[in-house]
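Here is what each chain is made of, one letter per residue.
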Amino acid sequence: MYICLDLGGTNIRGTWISEQGDHGRVELFSRPRSLEGTRETMASLIRSILEQAPGRVRGIGLATAGPLDHLKKRYLRTTNMPELNMFPVGSFVQERFGLPLLMENDAQAAALGEVWKGCLAGTKDGLVITLGTGVGSGVIMDHEIWRGAHFTGPELGHLYLGSELGLVCGCGQVGCAETWLRKSSLEDLFCREGVFSQSLQEAAELAAAGNSGTVRALKIYGQRLGLFLSSLQVVFGFKNIGIGGGLSAFVPFCQDTVRRTLEARFHKRNWWLPGKIGISSDPDMSALLGMARAWVLSEQARD
Ligand SMILES: [Zn+2]
(Lines give C-alpha, C1' and ligand atoms only; values in the text may rest on other atoms or scores of the structure.)
Protein backbone atom coordinates (compact mmCIF):
# COMPACT_ATOMS: atom_id res chain seq x y z
CA MET A 1 0.00 0.00 0.00
CA TYR A 2 0.95 3.62 -0.35
CA ILE A 3 0.76 6.85 1.59
CA CYS A 4 -1.00 9.41 -0.58
CA LEU A 5 -0.81 13.15 0.09
CA ASP A 6 -2.48 16.17 -1.48
CA LEU A 7 -0.65 19.43 -0.79
CA GLY A 8 -2.25 22.73 -1.80
CA GLY A 9 -1.85 26.39 -0.92
CA THR A 10 -3.90 26.12 2.29
CA ASN A 11 -3.97 22.50 3.45
CA ILE A 12 -2.20 19.20 3.29
CA ARG A 13 -4.29 16.02 3.42
CA GLY A 14 -3.44 12.38 3.28
CA THR A 15 -4.27 8.77 3.98
CA TRP A 16 -3.08 5.22 3.19
CA ILE A 17 -4.48 3.61 0.02
CA SER A 18 -4.15 -0.02 -1.04
CA GLU A 19 -3.39 -1.36 -4.53
CA GLN A 20 -7.15 -2.03 -4.88
CA GLY A 21 -8.15 1.49 -3.85
CA ASP A 22 -9.27 0.77 -0.27
CA HIS A 23 -8.25 3.60 2.00
CA GLY A 24 -8.12 4.90 5.54
CA ARG A 25 -9.55 8.03 7.10
CA VAL A 26 -8.28 11.23 5.46
CA GLU A 27 -6.29 13.45 7.84
CA LEU A 28 -6.08 17.17 7.17
CA PHE A 29 -3.63 19.78 8.48
CA SER A 30 -3.39 23.44 7.61
CA ARG A 31 -0.10 24.13 5.85
CA PRO A 32 2.31 26.67 7.36
CA ARG A 33 3.51 29.21 4.77
CA SER A 34 7.18 28.37 5.22
CA LEU A 35 9.44 25.65 3.88
CA GLU A 36 10.42 24.44 7.36
CA GLY A 37 6.77 24.42 8.55
CA THR A 38 5.62 22.57 5.43
CA ARG A 39 8.39 19.97 5.82
CA GLU A 40 7.54 19.31 9.47
CA THR A 41 3.74 19.20 8.86
CA MET A 42 4.29 16.77 6.00
CA ALA A 43 6.57 14.63 8.19
CA SER A 44 4.02 14.46 11.05
CA LEU A 45 1.25 13.55 8.62
CA ILE A 46 3.37 10.76 7.09
CA ARG A 47 4.31 9.47 10.57
CA SER A 48 0.67 9.41 11.65
CA ILE A 49 -0.46 7.56 8.51
CA LEU A 50 2.44 5.06 8.84
CA GLU A 51 1.18 4.20 12.34
CA GLN A 52 -2.35 3.58 11.05
CA ALA A 53 -1.59 1.77 7.78
CA PRO A 54 -2.75 -1.87 8.04
CA GLY A 55 0.03 -3.20 5.75
CA ARG A 56 3.55 -2.52 4.53
CA VAL A 57 3.89 0.91 2.92
CA ARG A 58 5.95 0.75 -0.31
CA GLY A 59 5.97 4.39 -1.31
CA ILE A 60 4.59 7.88 -0.98
CA GLY A 61 2.51 9.64 -3.63
CA LEU A 62 2.27 13.42 -3.59
CA ALA A 63 -0.34 15.32 -5.59
CA THR A 64 0.40 19.02 -5.49
CA ALA A 65 0.03 22.36 -7.20
CA GLY A 66 2.90 22.97 -9.58
CA PRO A 67 4.73 23.53 -11.70
CA LEU A 68 6.91 20.62 -10.64
CA ASP A 69 9.52 18.21 -11.97
CA HIS A 70 7.94 14.76 -11.67
CA LEU A 71 11.19 13.03 -12.70
CA LYS A 72 13.51 14.80 -10.25
CA LYS A 73 10.66 14.89 -7.67
CA ARG A 74 10.99 18.52 -6.78
CA TYR A 75 9.05 21.74 -7.09
CA LEU A 76 9.95 24.24 -9.81
CA ARG A 77 9.09 27.94 -9.56
CA THR A 78 5.56 27.53 -8.22
CA THR A 79 2.64 29.80 -9.06
CA ASN A 80 1.20 30.24 -5.57
CA MET A 81 3.66 28.69 -3.07
CA PRO A 82 6.97 30.58 -3.53
CA GLU A 83 8.29 29.20 -0.21
CA LEU A 84 8.46 25.77 -1.89
CA ASN A 85 10.34 26.89 -5.02
CA MET A 86 12.90 24.23 -6.03
CA PHE A 87 12.20 22.18 -2.84
CA PRO A 88 13.52 18.64 -3.50
CA VAL A 89 10.63 16.89 -1.75
CA GLY A 90 11.61 13.44 -3.11
CA SER A 91 15.01 13.41 -1.41
CA PHE A 92 13.47 14.90 1.76
CA VAL A 93 11.05 11.96 2.29
CA GLN A 94 13.66 9.43 1.14
CA GLU A 95 16.12 10.68 3.78
CA ARG A 96 13.52 11.08 6.53
CA PHE A 97 11.48 7.88 5.99
CA GLY A 98 13.52 5.70 3.61
CA LEU A 99 10.55 5.62 1.22
CA PRO A 100 10.52 6.53 -2.50
CA LEU A 101 8.21 9.29 -3.71
CA LEU A 102 6.15 9.84 -6.83
CA MET A 103 4.76 13.32 -7.44
CA GLU A 104 2.24 14.66 -9.93
CA ASN A 105 0.36 17.85 -10.61
CA ASP A 106 -2.83 17.68 -8.50
CA ALA A 107 -5.25 18.06 -11.45
CA GLN A 108 -3.48 15.31 -13.39
CA ALA A 109 -3.52 13.07 -10.31
CA ALA A 110 -7.25 13.82 -9.90
CA ALA A 111 -7.83 12.83 -13.54
CA LEU A 112 -6.02 9.53 -12.97
CA GLY A 113 -8.12 8.92 -9.84
CA GLU A 114 -11.41 9.67 -11.63
CA VAL A 115 -10.54 7.30 -14.49
CA TRP A 116 -9.51 4.57 -12.01
CA LYS A 117 -12.17 4.72 -9.29
CA GLY A 118 -14.29 7.83 -9.86
CA CYS A 119 -16.80 9.21 -12.36
CA LEU A 120 -14.99 7.67 -15.38
CA ALA A 121 -14.26 4.29 -13.75
CA GLY A 122 -14.15 1.42 -16.20
CA THR A 123 -12.63 3.48 -19.01
CA LYS A 124 -8.99 3.90 -20.02
CA ASP A 125 -9.11 7.30 -21.71
CA GLY A 126 -10.63 10.52 -20.53
CA LEU A 127 -10.34 14.23 -20.07
CA VAL A 128 -10.92 15.58 -16.57
CA ILE A 129 -11.36 19.26 -15.77
CA THR A 130 -11.09 20.36 -12.14
CA LEU A 131 -13.02 23.50 -11.26
CA GLY A 132 -11.92 25.30 -8.11
CA THR A 133 -9.77 28.30 -7.13
CA GLY A 134 -8.18 27.72 -10.53
CA VAL A 135 -9.05 25.45 -13.44
CA GLY A 136 -6.92 22.31 -13.70
CA SER A 137 -6.89 19.59 -16.31
CA GLY A 138 -5.70 16.07 -16.85
CA VAL A 139 -5.66 14.01 -19.99
CA ILE A 140 -5.52 10.24 -19.50
CA MET A 141 -4.70 8.06 -22.49
CA ASP A 142 -4.53 4.28 -22.17
CA HIS A 143 -4.54 4.60 -18.33
CA GLU A 144 -1.53 6.94 -18.28
CA ILE A 145 -1.17 10.69 -17.79
CA TRP A 146 -0.56 12.26 -21.21
CA ARG A 147 2.01 15.02 -20.98
CA GLY A 148 2.20 16.04 -24.61
CA ALA A 149 5.23 18.02 -25.60
CA HIS A 150 4.96 20.08 -22.43
CA PHE A 151 7.14 18.84 -19.64
CA THR A 152 4.42 19.63 -17.09
CA GLY A 153 1.53 18.35 -19.23
CA PRO A 154 -1.07 20.42 -21.03
CA GLU A 155 -2.60 23.14 -18.85
CA LEU A 156 -5.94 23.48 -20.56
CA GLY A 157 -7.26 26.10 -18.14
CA HIS A 158 -5.01 28.57 -19.99
CA LEU A 159 -6.73 28.05 -23.33
CA TYR A 160 -8.03 31.34 -24.75
CA LEU A 161 -11.78 31.69 -24.31
CA GLY A 162 -12.22 35.40 -25.04
CA SER A 163 -11.06 38.62 -23.42
CA GLU A 164 -14.50 40.25 -22.80
CA LEU A 165 -14.22 39.84 -19.03
CA GLY A 166 -10.84 41.60 -19.14
CA LEU A 167 -9.48 39.55 -16.24
CA VAL A 168 -5.79 38.73 -16.03
CA CYS A 169 -4.98 35.10 -15.33
CA GLY A 170 -2.27 33.87 -12.91
CA CYS A 171 -0.26 32.85 -15.99
CA GLY A 172 -0.14 36.50 -17.14
CA GLN A 173 -2.51 36.25 -20.10
CA VAL A 174 -5.93 37.87 -20.49
CA GLY A 175 -8.87 35.69 -21.53
CA CYS A 176 -7.84 32.24 -20.25
CA ALA A 177 -10.67 29.73 -19.64
CA GLU A 178 -9.62 29.86 -15.98
CA THR A 179 -10.73 33.50 -15.72
CA TRP A 180 -14.24 32.49 -16.91
CA LEU A 181 -14.67 29.39 -14.79
CA ARG A 182 -12.69 29.79 -11.56
CA LYS A 183 -14.37 30.07 -8.16
CA SER A 184 -14.12 33.88 -7.98
CA SER A 185 -15.83 34.18 -11.39
CA LEU A 186 -18.73 31.98 -10.28
CA GLU A 187 -19.00 34.10 -7.13
CA ASP A 188 -19.09 37.23 -9.35
CA LEU A 189 -21.94 35.69 -11.36
CA PHE A 190 -23.91 34.93 -8.20
CA CYS A 191 -23.36 38.50 -7.03
CA ARG A 192 -24.47 39.91 -10.39
CA GLU A 193 -27.66 37.84 -10.27
CA GLY A 194 -28.49 38.98 -6.73
CA VAL A 195 -27.56 35.76 -4.94
CA PHE A 196 -26.23 36.65 -1.51
CA SER A 197 -24.95 33.46 0.05
CA GLN A 198 -22.33 33.23 2.76
CA SER A 199 -20.58 30.26 1.20
CA LEU A 200 -20.53 28.09 -1.89
CA GLN A 201 -22.18 25.36 0.20
CA GLU A 202 -25.10 27.72 0.83
CA ALA A 203 -25.21 28.68 -2.87
CA ALA A 204 -25.39 24.97 -3.77
CA GLU A 205 -28.34 24.59 -1.39
CA LEU A 206 -30.06 27.57 -3.07
CA ALA A 207 -29.42 25.97 -6.48
CA ALA A 208 -30.95 22.70 -5.26
CA ALA A 209 -34.01 24.64 -4.07
CA GLY A 210 -34.40 26.28 -7.53
CA ASN A 211 -33.62 29.85 -6.40
CA SER A 212 -34.09 31.98 -9.54
CA GLY A 213 -30.90 34.11 -9.27
CA THR A 214 -28.81 30.99 -8.74
CA VAL A 215 -30.46 29.30 -11.73
CA ARG A 216 -29.67 32.35 -13.96
CA ALA A 217 -26.04 32.49 -12.78
CA LEU A 218 -25.54 28.77 -13.34
CA LYS A 219 -27.06 28.99 -16.81
CA ILE A 220 -24.32 31.49 -17.78
CA TYR A 221 -21.69 29.34 -16.05
CA GLY A 222 -22.99 26.26 -17.93
CA GLN A 223 -22.68 28.14 -21.26
CA ARG A 224 -19.08 29.05 -20.43
CA LEU A 225 -18.27 25.47 -19.45
CA GLY A 226 -19.94 24.11 -22.59
CA LEU A 227 -17.95 26.51 -24.77
CA PHE A 228 -14.70 25.49 -23.05
CA LEU A 229 -15.46 21.77 -23.45
CA SER A 230 -16.37 22.27 -27.11
CA SER A 231 -12.91 23.72 -27.81
CA LEU A 232 -11.29 20.82 -25.98
CA GLN A 233 -13.38 18.28 -27.93
CA VAL A 234 -12.15 19.71 -31.23
CA VAL A 235 -8.62 18.83 -30.08
CA PHE A 236 -9.16 15.57 -28.21
CA GLY A 237 -12.55 14.13 -29.24
CA PHE A 238 -12.89 12.14 -26.03
CA LYS A 239 -15.82 9.79 -25.43
CA ASN A 240 -15.60 10.56 -21.72
CA ILE A 241 -15.23 13.85 -19.91
CA GLY A 242 -15.11 14.12 -16.14
CA ILE A 243 -15.66 17.23 -14.03
CA GLY A 244 -13.99 17.39 -10.62
CA GLY A 245 -12.87 19.99 -8.11
CA GLY A 246 -14.91 21.78 -5.47
CA LEU A 247 -17.20 23.52 -7.99
CA SER A 248 -18.29 20.20 -9.51
CA ALA A 249 -21.12 20.29 -6.92
CA PHE A 250 -22.74 22.97 -9.13
CA VAL A 251 -22.46 21.04 -12.39
CA PRO A 252 -25.60 18.89 -11.84
CA PHE A 253 -27.56 22.19 -11.87
CA CYS A 254 -26.09 23.36 -15.20
CA GLN A 255 -25.31 20.13 -17.05
CA ASP A 256 -28.34 20.53 -19.36
CA THR A 257 -26.99 23.94 -20.44
CA VAL A 258 -23.50 22.44 -20.92
CA ARG A 259 -24.96 19.70 -23.12
CA ARG A 260 -27.14 22.13 -25.13
CA THR A 261 -24.16 24.46 -25.71
CA LEU A 262 -22.10 21.53 -27.01
CA GLU A 263 -24.96 20.38 -29.27
CA ALA A 264 -25.40 23.88 -30.71
CA ARG A 265 -21.66 24.19 -31.41
CA PHE A 266 -21.49 20.73 -33.02
CA HIS A 267 -24.83 20.76 -34.87
CA LYS A 268 -23.05 19.82 -38.09
CA ARG A 269 -20.56 17.44 -36.50
CA ASN A 270 -22.35 15.62 -33.74
CA TRP A 271 -19.66 12.92 -33.66
CA TRP A 272 -17.55 15.45 -31.77
CA LEU A 273 -19.98 15.26 -28.83
CA PRO A 274 -18.73 13.36 -25.79
CA GLY A 275 -20.75 10.24 -24.94
CA LYS A 276 -20.56 10.92 -21.24
CA ILE A 277 -19.93 13.88 -18.97
CA GLY A 278 -19.29 12.45 -15.52
CA ILE A 279 -19.37 14.50 -12.33
CA SER A 280 -17.04 13.58 -9.49
CA SER A 281 -18.89 12.29 -6.45
CA ASP A 282 -15.91 12.81 -4.11
CA PRO A 283 -13.54 15.47 -5.53
CA ASP A 284 -11.49 15.55 -2.29
CA MET A 285 -10.50 11.92 -2.79
CA SER A 286 -9.67 11.83 -6.50
CA ALA A 287 -6.08 13.19 -6.44
CA LEU A 288 -5.20 10.88 -3.50
CA LEU A 289 -6.59 7.86 -5.39
CA GLY A 290 -4.74 9.04 -8.50
CA MET A 291 -1.40 8.89 -6.66
CA ALA A 292 -2.10 5.29 -5.57
CA ARG A 293 -2.91 4.50 -9.20
CA ALA A 294 0.33 6.20 -10.32
CA TRP A 295 2.21 3.88 -7.94
CA VAL A 296 0.40 0.75 -9.18
CA LEU A 297 1.22 1.68 -12.80
CA SER A 298 4.83 2.47 -11.99
CA GLU A 299 5.33 -0.87 -10.19
CA GLN A 300 3.66 -2.75 -13.07
CA ALA A 301 5.98 -1.02 -15.54
CA ARG A 302 9.02 -2.10 -13.47
CA ASP A 303 7.96 -5.80 -13.26
ZN1 LIG B 1 -3.89 31.55 -17.88
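Note that this is a predicted model, so its numbers are computed, not measured. (Residues numbered from 1 in each chain as written. Predicted model: local features only at pLDDT ≥ 70, side-chain atom pairs only at ≥ 80, totals over all residues.)

J.: What's the story with the domain arrangement of the protein in this structure? I'm lost.
T.: Often, the extent of an interface is quoted as the loss of accessible area on bringing the components together. When the domains of the protein are assigned, the result is domain 1 (2–108 + 284–302) and domain 2 (122–280). Between the C-alpha centres of domain 1 and domain 2 the distance comes to 27 Å. Across the boundary between the two partners, domain 1 contributes 10 residues, which contact 12 residues of domain 2. Secondary structure elements with two or more residues in the side of domain 1 that touches domain 2: β7 (101–105), α3 (106–117) and α9 (283–302). Residues of the side of domain 1 that touches domain 2, tallied by class, amount to 3 nonpolar, 5 polar and 2 charged. (Domains from an automatic or database assignment. Contact = placed C-beta atoms within 7 Å. Helix = DSSP H or I, 4+ residues; strand = E, 2+ residues; numbered from the N terminus. Nonpolar A, V, L, I, M, F, W, Y, C, P; charged D, E, K, R; others polar.)

J.: When you look at the sheet that holds strand β9 (residues 135–141) in this model, what are you seeing that I'm missing?
T.: Consider a sheet: its strands pair through backbone hydrogen bonds, and that pairing is either parallel or antiparallel. Taken in spatial order, the 5 strands line up as β10-β9-β8-β11-β12 in an open sheet, and their pairing is mixed. The open sheet terminates on both sides in strands that have one partner only, identified here as β10 (144–145) and β12 (276–279). One ladder, built from 4 bridges, connects strand β11 (residues 240–244) with β12; its direction is parallel. The residue bridging I241 from the neighbouring strand is I277, located in β12. Along the sheet face, α3 touches β8 (126–131), β9, β10 and β11 and points at about 50° away from the line of β9. (Pairing = 2+ DSSP bridges. Axes fitted to C-alpha atoms, helices over the stretch in contact; angles between N-to-C directions.)

J.: What is the right way to read α9 from this model?
T.: Note that an α-helix has 3.6 residues per turn; residues three or four places apart therefore point the same way. Given a rise of 1.5 Å per residue, 20 residues ought to cover 28 Å, and the 30 Å separating the end C-alpha atoms of α9 matches this to within 8%. Buried-residue contacts for α9 involve β1 (2–7), β2 (11–17), β4 (59–64), β7, α3 and β11. (Expected span 1.5 Å × (residues − 1).)

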